[in-house]
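Summary of structural features
So the chains spell out like this:
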Amino acid sequence: MNEQISTIGVLTSGGDAPGMNAAIRAVVRTAISKGLKVKGIMRGYAGLLNEEIVDMDTKSVADIIQRGGTILYTARCHEFRTPEGQQKGAEICKKHGIQGLVVIGGDGSFQGAQKLSHLGINTIGIPGTIDLDIACTDYTIGFDTAVNTAMEAIDKIRDTSTSHERCSIIEVMGRNAGYIALWCGIANGAEDILLPEKYDGNVEKLIEHIKETRKKGKKHHIVINAEGIGKSQELAERVERETGMETRATILGHLQRGGSPTCKDRVYASIMGAYAVDLLREGKSNRVVAYSKGEYVDFEIDEALAMKKNIDEYQFTVSGNLAR
Ligand code: ADP
Ligand code: F6P
């Protein structure tokens, strides 16, 4: 155990994700139970640079495990991308006695944590993003809630799509990654799933498929389109023009980021939060907590950022075969 660490900080950064509150709660309560002091840094790295730092105790995290969003708020901060901003951030941590920092966010946030670690602040990242696009981990906090929220919304669109015998193009989030689209595509029984990692941009082929399913007697045609491909409205207009089938585009948007976290998100977030504190107590720094091959593990941030993640080929093939 590293006796040096007596005070740690915690912040959330980048896009919020359901389950972040459960992770904050686990960090605070684990740390306090092990005799550490905890400071909450509001609004991510922006709040760090503005010294928006508050003392936290077990009561500060009461009644939050079931709430979406993040009680610490979150932000994107351009200044922290600069060496001057990072230096200032490290000095502010030192001024407030913060020797270790837990950063809950995505790859961008981990890059900030990596910089702080090089400046003498022990940092540990926790993967929090609905996008599931962090290569070192099979699981990111918020993904499960987001796909369940999107799945329920898409079921509702399917009802009206079937009643009107329409084609529906539904755009889901994920930035440049297609995981939300692929999972919803399978869970909602979509006829077509367009993923940035796989889609070749062949609209003619998509239109032929829509015509074919209509001939076979399908009453609706659901296309799940990933945000990374986008242009859903444009696509809907072209599909309607070339198939003669009424077509509507729906962009699900930020509703996918909100809501009460699922059981899975709460539990993974709680364990990852506790694990991060244990790493800090062991004197570790510049590491990210991950869930890989059925186990909670940790990786050096540099190694984690260099990893590449791909869409699972088998899952993708199955999704295509089921959509007939
Ligand atoms: P995410 O963490 O979800 O990937 P962003 O990419 O928006 O989200 O990153 C969140 C924040 O992390 C940024 O606003 C910035 O403050 C910080 N950050 C991102 N990249 C870097 C970097 N290369 N160096 C330092 N800080 C960074
Ligand atoms: O990273 C989470 C995410 O919701 C992405 O899926 C999306 O591309 C982005 O954040 C949207 O960001 P903003 O909330 O700034 O519009």
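Small disclaimer: the values here were computed from a predicted structure and weren't measured.

Another point: helix α7 (residues 203–215). For α7, with 13 residues, the first-to-last C-alpha span of 19 Å sits near the 18 Å given by 1.5 Å per residue. Residues Val203, Leu206, Ile207, His209, Ile210 and Thr213 constitute the buried set of α7. Along the axis of α7, the buried positions cluster into a sector of 160 degrees, meaning they face one direction only. Turned more than 90 degrees off the buried face of α7, the exposed positions are Lys205 and Lys215. Looking at the buried positions of α7, the neighbouring elements they touch are β6 (167–172), β7 (192–194), β8 (221–226) and α8 (232–243). Two residues or fewer past α7, glycine 217 is found with a positive phi of approximately 100 degrees.

Once that is clear, we can look at the layout of surface pockets. Of the voids in this model, the largest pocket is the one considered here, and its volume is about 740 Å³. Lining the largest pocket are 31 residues; nearest its centre among them are Gly14, Arg76, Gly108, Ser109 and Arg175. The element best represented in the lining of the largest pocket is helix α4 (residues 107–118), accounting for 6 residues. Taken together, the residues of the lining of the largest pocket sort by class into 7 nonpolar, 14 polar and 10 charged. In terms of domain composition, the lining of the largest pocket takes at least three residues from each of domain 1 (7–142 + 261–306) and domain 2 (145–257). The computed volume of the second largest pocket comes to approximately 520 Å³. The wall of the second largest pocket is formed by 20 residues, among which Asp192, Ile193, Lys205, His209 and Phe316 lie closest to the centre. Within the residue set of the lining of the second largest pocket, elements represented by two or more residues are β7, α7 and α11 (313–322). Top element by residues in the lining of the second largest pocket is α7. It accounts for 5 residues.

So, on to the sheet that holds strand β11 (residues 295–300). As summarised here, the arrangement of the 7 strands in space is β3-β2-β1-β4-β5-β10-β11, forming an open sheet in which the pairing is mixed. Of all the strands in the sheet, just β3 (53–56) and β11 have a single pairing partner and so form its edges. Ignoring which end each strand starts from, the neighbouring axes of this sheet average 30 degrees apart. Here 5 bridges tie strand β1 (residues 7–12) to strand β4 (residues 100–105), and the two strands are oriented parallel to one another. Bridge pairing in β4 places valine 10 opposite valine 102.

Here the focus is the site of ligand 1. Close to ligand 1 lie 16 residues; Arg76, Cys77, Gly106, Ser109 and Gln111 are nearest. In the environment of ligand 1, an oxygen atom lies 2.9 Å from a nitrogen or oxygen atom belonging to the backbone of glycine 106. In the environment of ligand 1, a nitrogen atom lies 3.3 Å from a nitrogen or oxygen atom belonging to the side chain of lysine 115. Summarising the interface, the protein chains cover 88% of the accessible area of ligand 1, which totals 550 Å² for the free molecule. According to the grid-proximity analysis, the pocket containing ligand 1 is the largest pocket. When residues of the shell around ligand 1 are assigned to their parent elements, the largest contribution, 6 residues, is made by α4.

One way to put it is that helix α6 (residues 179–187) packs onto α11 with a least axis distance of 10 Å and a crossing angle of 40 degrees. Taken as axis vectors, α6 and α11 run oblique relative to one another. Judged by the twist between their axes, the crossing of α6 over α11 is left-handed. Across the interface between the two elements, Leu182, Trp183 and Ile186 from α6 touch Gln315, Phe316 and Ser319 from α11. Residue classes in the contact of α6 with α11 are distributed as 4 nonpolar, 2 polar and no charged.

Cut-off values and rules
- Residues numbered from 1 in each chain as written.
- Chains lettered and ligands numbered in written order.
- Predicted model: local features only at pLDDT ≥ 70, side-chain atom pairs only at ≥ 80, totals over all residues.
- Heavy atoms only, no water.
- Helix = DSSP H or I, 4+ residues; strand = E, 2+ residues; numbered from the N terminus.
- Expected span 1.5 Å × (residues − 1).
- Buried < 20%, exposed > 50% of the residue type's maximum accessible area, 1.4 Å probe, protein only.
- Arc of directions from axis to C-beta.
- Contact = heavy atoms within 4.5 Å.
- 1 Å grid on protein atoms, 1.4 Å probe; cavity = no way out; pocket = protein on both sides within 12 Å on 5 of 7 lines; lining within 4 Å.
- Points joined across faces, edges and corners; volume = space filled by probe spheres on them.
- Nonpolar A, V, L, I, M, F, W, Y, C, P; charged D, E, K, R; others polar.
- Domains from an automatic or database assignment.
- Pairing = 2+ DSSP bridges.
- Axes fitted to C-alpha atoms, helices over the stretch in contact; angles between N-to-C directions.
- Near = heavy atom within 4 Å.
- Polar contact = N/O pair within 3.5 Å; in protein donor to acceptor, adjacent residues only side chain to side chain.
- Areas by Shrake-Rupley, 256 points an atom, 1.4 Å probe, with all protein chains shown as cover.
- Sits in = over half its atoms within 2 Å of the grid points.
- Parallel < 35°, antiparallel > 145°, perpendicular 65-115°, else oblique.
- Left-handed = near helix turned anticlockwise from the far one by under 90°.

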